[in-house]
Structure formats: C-alpha cells, structure tokens
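Close look at the chain arrangement
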Amino acid sequence: MTGAGAESAGVELTGTRPAPAESAPAESAPAGTGAAEPGLTEDETGLPPAALTDEAARLDAADRLRAKRDAFTLDDVIYLDGNSLGALPRAVPPRLAEVVAREWGQLRIRSWEESGWWTAPERIGDRVGRLVGAAPGQVVVGDSTSVNVFKAVVAAVRMAQERGAHRDQILVDEATFPTDGYIAESAARMTGCTLRPVAAGDVPSAVGSRTAVALVNHVDYRTGRLHDLPGTTAAVHAAGALVVWDLCHSAGALPVGLDAHGVDLAVGCTYKYLNGGPGAPAYLYVARAHQPGFDSPLPGWNSHADPFGMASAYTPADGAVRGRVGTPDILSMLALEAALEVWDDVTIEDVRAKSLALTDFFLRCVEDYAPAGRVRSLTPAAHTERGSQVALRCADAGEVMAELVRRGVVGDFRRPDVLRFGFTPLYTGFAEVERAARVLAAVLKEG
Ligand SMILES: Cc1ncc(COP(=O)(O)O)c(C=O)c1O
Ligand SMILES: Nc1ccccc1C(=O)C[C@H](N)C(=O)O
C-alpha cells in the first residue's frame, strides 16, 4: 500500500531563491510538544521580504471568508493541522456548559425528549448532509468512522449479494487510511468475500461481476489526492456493485455531491474540517433508495422501529435511523452541533475556491523560498485532483516538522518522509500561508 502512483502528478519544487545570509536562532522549547514560539519576524526566518508577502496581503483583503476566523479560538500559531483536528469554534464552550448545567444537571432524564437528545443523531446528520450534498433523512451521526466503515461495508455486501450470491469480492483503495483496510479485511472474512486492494484510480477498471463493494477514500490522507467520485461511482454501478466513500478528508473542504452522483453509502469523521472536536462522532450516509434494503450488521436498539417497545424481536426503523446503534454520545454530539453553526452562512463552493487558492499559494511560496531539491510535492498540481492539503516529501521530515512546530507552524508528519499541511478555509489566511512557507524554507536551509 504505497500509493506510489500518486507521485507522478506532483509538483517538482526546484526553489529559485538564493540561500539566506544567516540562519534562524535556536529555539528553547522541546520539539513536538506543541510549545510553539509564535510571532516570527521575517529577519528570524533569514529571508528578505518578498513580493509574495504583498500578494498575501492582497489575497487576505479580498477573502470573503476572512471574518469567519473570528468564530474560532486561535492564537499566533499558524495552525495547518485542521485536517487532523479542527480548531475550537467559539460557540462550543458556552453551549457545552449549558448542556451540562441545564440539560443534564437540571432536566436530567427529561432531556432525552425535551432537549432533543434522542433525535440528535438524525438532526445533526441533516446538518452534515447539507455540507456533503445529501438531502435530509439520509445521514446519521454517531460512533467512530471505523465503526461506520464496518456498518457500511457489511451492509453493502449484503445488498450486493441480494442481487447475486456470486458477488464475493471487496475492492479497497490500496493506499487507504489503515483503519478502512483493517475493517474491510475483517468484513471480507465475515461475509465470505476476498479483499482485493487496488489503487483508487484503478477501481473503474478493476470492478467486475464478482465485485460486491468498493471502499474508496475521496481524498488520500497522505498525498492529498482527490479521487474521481462521480466517475468511479458510475463505473462501480455499471458493474452492478456498490460503492462506499470515506469522506474524512473532503467533507467541509470541498463539494462532495453524494445525491447528485448517486453514491450508495458514505462515512466520515467530524473532527477535521467540520471542527467537531477530539473524538467527535462520525456519520453514515445511506442513500434513500438503499434504506429499505440496509441490513445493519450492528442492529442495536437505537435502530429499532420502536426502541422503547423493548421487543425481543428486531424490527429495523425506517430511514437512515437504521444506521444508529446504541445510546448516542450526547456531550460530543451537541458540541458538534454547536460547531456546525459556523457553516450556516457559508457555501461549500466558496470554501473550495479558497481552499484551492490557499494550496496554490502555499505551493508557489514553497517553490519560491525553499532550497532546490529539498522537498517535492506529492499533492497533484491539477485542481481536479487536489484536496485541501499539501504533502511534501522530505528526507528528514520528522525532524523538520518538530522544528516547525517549535517555531509556531503546526502541520504533521506522516511516516516515513511526508510533511503534511492542511488548509482550512474558514480560519486559515494567506499571510499565514506565506509565513509558513518562509519558516519551512528557513528550517530546510539550516538542516
Ligand atoms: C480517511 C480516514 N478514515 C478514517 C479515519 C479514522 O477513523 P476513526 O474516526 O474511527 O478514528 C481517519 C483519521 O483518523 C481517516 O483519515
Ligand atoms: N483521529 C486522530 C486522533 C489522533 C491523532 C490523529 C488523528 C487523525 O485523525 C489522523 C488523521 N486521520 C490522518 O489523516 O492522519
């Protein structure tokens, strides 16, 4: 599972600027602790002011989403890790305090009904649905992404085998985030299928009459490559199979169009671009047409047609509620609901436009500032193939990222040699992007 094919469309970053006269001063905070030293000046980065600084200012001035940054708790740290854990929306702490003090503290058990706790998974699911192009009634929030991958893949195999018992193969994106691959392997064993890893881009040619389901990531977590959701979905359907998309790295970053492209099932987390908080509940999309046939492998009582009937026999509820399992994690769920308020007056098209502008600008700044040959972008140059992150291959990526974090530029390191920078259009500005590239260049020159 190397995802090596993703490199071919990457950007060669040659570096065009002269080496700096001086190197940056040593830092005192221990690396990798998040104890960052914000507020670097241009002098400290060892680079002269550049035309790109002026361009950043112009881009920030023209940015329609700029004011959204105020909806988040941020500081001087340049936070480029929102593709792992989104920043804290200001609406969350007061809402959580209210939930704890009043809904739990005073209303106690009454809150399941009076505070809308019981229906939170589908109510919040509809809010997530709007952001991924799903009409109401098809998304439920709950459990982790991993658990939802399990539900979706097993249910998809069951539906595919209803069409033909000979469908005994699960295709999985070979470069997938590992949890999807592990769970698909277990799902294959449980359903009598074999698991066939293929490059996401090869799913359309690999899918066939034996395929039950293909499990594909919309955006690759390492390279930031955006896969072709409409084309792959259509090819899987033409072969009579179903497709499950993992939207972890695309929801809240770009338009997904689940309904428009006829996706069968999808899953995703809410702690990245949706800013739901650490361990925030994930979601499951079950297209309306599949809901009557969705046979959950985890038919908990919350998915029962009459949960409080406490019947010994299981009768599934109608609709996406079928994807629920047990009692929802109300505190995390209501934190997510408050976090989603920032999207009320935002279109995903505006977010996408800014996301591409941010990643374009970062690539240009790195190209201009970084020493020749030290980093190479694994992220495709073509907009149609790019998510909302930039992944740079760098020989000593672990040390470089630790030093970046010490200097107040937080991205992350993915073994063995990838520097990953996530761009979150709701709160990342162009001046930060320029500065991040400047600090990166200084670190690379010193190293
Ligand atoms: C593509 C993808 N799938 C799944 C996960 C994680 O799943 P879970 O939410 O179960 O930890 C991640 C990140 O953690 C991811 O990037
Ligand atoms: N859930 C986490 C918990 C702790 C640390 C990272 C994560 C991530 O989400 C990693 C992310 N999925 C990634 O693309 O690397």
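Residues numbered from 1 in each chain as written. Chains lettered and ligands numbered in written order. Predicted model: local features only at pLDDT ≥ 70, side-chain atom pairs only at ≥ 80, totals over all residues. Heavy atoms only, no water.

**Considering the UniProt feature "modified residue: N6-(pyridoxal phosphate)lysine" (unreviewed entry) in the chain**
For clarity, the threshold we go by: UniProt positions are given in the numbering used here, feature names are shortened, and annotations may be inferred rather than shown by experiment. Helix and strand assignments come from DSSP, with helices taken as H or I runs of at least 4 residues and strands as E runs of at least 2, each series counted from the N terminus. In this description, contact between two residues means that some pair of their heavy atoms is separated by no more than 4.5 Å. Polar contact criterion, stated in full: a pair of N or O atoms within 3.5 Å, where within protein one must be able to donate a hydrogen and the other to accept it, and residues adjacent in sequence count only if both atoms are side-chain atoms.
Cross-referencing UniProt, the feature "modified residue: N6-(pyridoxal phosphate)lysine" (unreviewed entry) maps to Lys 272 in the present numbering. For Lys 272, the location among the structural elements is in the loop between β9 (265-268) and β10 (283-286). Contact partners of Lys 272, with chain neighbours within four places excluded, come to Gly 82, Asn 83, Ser 84, Gly 86, Cys 248 and His 249. Engagement of the side chain of Lys 272 in a polar contact is seen with the backbone oxygen of Asn 83, the distance being 3.3 Å.

**What to know about the nonpolar core**
Our working definition: Put simply, buried Ala, Val, Leu, Ile, Met, Phe, Trp, Tyr and Cys residues joined by side-chain atoms within 4.5 Å make one nonpolar core. Per-residue accessibility, obtained with a 1.4 Å probe over protein chains only, is compared with the maximum for each type, and a residue is labelled buried under 20%, exposed over 50%, and partly exposed between these values. Bear in mind that the domain bounds are from an automatic or database domain assignment.
Counting 87 residues, the largest nonpolar core has Trp 343, Phe 362, Leu 419, Phe 421 and Leu 440 as its most contacted members. When residues of this core are assigned to domains, at least three map to each of domain 1 (4-65 + 347-446) and domain 2 (92-343). Leave out the neighbours within four places in its chain, and Phe 421 touches Leu 80, Asn 83, Phe 362, Ser 388, Gln 389, Val 390, Leu 392, Met 401, Leu 404, Gly 411 and Leu 440. Grouped together as the second largest cluster of nonpolar side chains are 29 residues, Ala 160, Leu 242, Phe 294 and Ala 320 included.

**Regarding the sheet that holds strand β15 (residues 418-422)**
Pairing between sheet strands relies on hydrogen bonds along the backbone, with the strands arranged either parallel or antiparallel. Where we set the bar: In this analysis, strands are considered paired if DSSP registers two or more bridges between them. Axis angles are defined between N-to-C directions and span 0 to 180 degrees, where every axis is a line fitted to C-alpha atoms and, for a helix, only to the segment in contact.
Across the sheet, four strands lie side by side as β11-β12-β15-β14; this open sheet has antiparallel pairing. Pairing within the sheet leaves two strands with one partner each, and these edge strands are β11 (375-377) and β14 (412-414). Mean inter-strand twist for the sheet, computed between neighbouring axes without regard to direction, equals 35°. Bridge analysis of strand β12 (residues 389-394) against β15 gives five bridges, and the strand direction is antiparallel. Bridging across to β15, Ala 391 finds its partner in Arg 420. The sheet strands contacting helix α12 (residues 397-406) are β12, β14 and β15, and the helix crosses β15 at an angle near 40°.

**Section: the sheet that holds strand β8 (residues 242-246)**
In spatial order, the strands read β4-β10-β9-β8-β7-β5-β6; together these seven strands make up an open sheet with mixed pairing. In this open sheet, the two strands that pair with only one neighbour each are β4 (139-141) and β6 (194-198). The mean inter-strand angle of the sheet, taken between neighbouring strand axes irrespective of direction, is 15°. The pairing of β4 with β10 spans three bridges and is antiparallel. The partner of Val 141 across the bridge, within β10, is Tyr 283. The strands touched by helix α7 (residues 178-191) are β5 (169-173), β6, β7 (211-217) and β8; relative to β5, the strand with the most contacts, the crossing angle is about 180°.

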